[in-house]
Structures are given as structure tokens and as C-alpha cells.
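# Chains, contacts and geometry: an overview
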Amino acid sequence: MRNVFALRKDCYLMENMIFKMYNEAVGFLDASDYLADRISKNGTNLFTCSSAYTVNRVFACELLLKALCKIHHIELGKTHRLVKLFSLLPAEIKVKINDEYQSLYKSQLRRRNELALRDLDSCMEDYDNAFVKWRYYYEESKEQLCLPWIDFDIFVFILKSMVEKCLD
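The rules behind the values
- Residues numbered from 1 in each chain as written.
- Predicted model: local features only at pLDDT ≥ 70, side-chain atom pairs only at ≥ 80, totals over all residues.
- Heavy atoms only, no water.
- Helix = DSSP H or I, 4+ residues; strand = E, 2+ residues; numbered from the N terminus.
- Contact = heavy atoms within 4.5 Å.
- Phe/Tyr/Trp six-rings, centres within 6.5 Å; stacked < 30°, edge-to-face > 60°.
- Buried < 20%, exposed > 50% of the residue type's maximum accessible area, 1.4 Å probe, protein only.
- pLDDT = per-residue confidence, 0-100.
- Expected span 1.5 Å × (residues − 1).

## Here we look at the environment of K160
- Within the secondary structure, K160 sits in helix α7 (residues 150–167).
- When the C-alpha positions of K160 and A67 are compared, they lie 9.5 Å apart, and in sequence the two are 93 residues distant.
- Residues contacting K160, with those up to four places away along its chain left out, are Y22, V26, L29 and L64.

Pasting the structure below:
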């Protein structure tokens, strides 16, 4: 039987890893926000910045999903696939994320005059492997890829908030 000190050390190490994952995710989000600001100020940077913007945003999402998996003691292996990571989460967490997404989605629709956004499954599917595809966009030039948009930001915001609640 393990002693209390070993258990506390394990908990500390787990919390420390989750905190590091969260901080890295925030760093990638900050980098993508900076690039989004550059793109919005000067449309000519869209071509230059779109890959870096998307890779940073999607990788932040991946890290937040992985942090949630760690919080719930889920072994995840090595993957960049958002749909796979989401599927590993406990059912009640997925329902909570989906409910929150629907709520924020509806408020965005009202704010933006009924602008159509994707449902959560479609949103995740569209960005499922975006980290890899956008990182090597020059190799995938036949495929039309979409930049992260309002619906993806809603998803990332929810994940970030959930991880922050667990870290508090």
C-alpha cells in the first residue's frame, strides 16, 4: 500500500502537468490572437499568417482537450485529432461541453443577426486534424481548409474555462 506522501506527490505532479499544459495552451492562444489582430488590420497578411494563426489556435485546443483528459485520468497516447481526444472524455463532460456550446452558440446568433454557425460535431470535424494539415498546408494545397471561426472560438473558450475551474 502506498503511503500518503507518495499519493500527494502523484497529485502534485498531475496538477503541475495540467497547469503546464494549460499555460502552453494560453501561450498558443495569445500567439493566434496576435496574428488575428495583424490579419484584421491588414488583409494582405491573411495569406502569410493564416497557417500560423490556425496551427496556434488548433494546437491550443488540442492541449486543452488533453488537459481535460489528464484531469479525468484518461490515457490518451499521441494524437493531434480533436475528435479522438473529445471522444475520450467522460460522457457527462461531453454533455456539459455541448450544452455550454449550444448556449453560447445561441447568444452569438442573436448578436450576429442569425449568422449560421456549425454545430459542435461539425465544428470539431472541420478542425479535427487541422494542426497537421495547416502545418503542412503547402503539401495539402488541393484541399480547401477553413480558418478557425466564431464557433471554434466558442469551443476553445469552453475548454479553457473548464480547465481553469479544475485548476482553481
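## Digging into the packing of aromatic side chains
- As enumerated under the stated definition, the model contains 5 aromatic pairs in all.
- Centre to centre, the rings of F59 and F131 are 4.7 Å apart; their planes meet at 25 degrees, and the pair counts as stacked. One end of the pair, F59, is in helix α2 (residues 45–71); the other, F131, is in helix α6 (residues 130–135), with 72 residues separating them in the sequence.
- The buried category is assigned to F59, whose relative accessible area is 16%.
- For the ring pair F86 and F155, a centre distance of 6.2 Å and an interplane angle of 65 degrees mean the geometry is edge-to-face.

## What to know about the confidence of the model for the protein chain
- Counting all residues, the mean pLDDT for the protein chain is 83, and 79% of those residues have values of 70 or more.
- Across the protein chain, the element-wise mean pLDDT spans from 78 in helix α1 (residues 4–41) up to 95 in helix α3 (residues 82–88).

## Comments concerning α7
- With 18 residues, α7 extends 26 Å between its outermost C-alpha atoms, agreeing within 8% with the 26 Å of an ideal straight helix rising 1.5 Å per residue.
- Among the residues of α7, those classed as buried are I150, D151, F152, I154, F155, V156, I158, L159, S161, M162 and V163.

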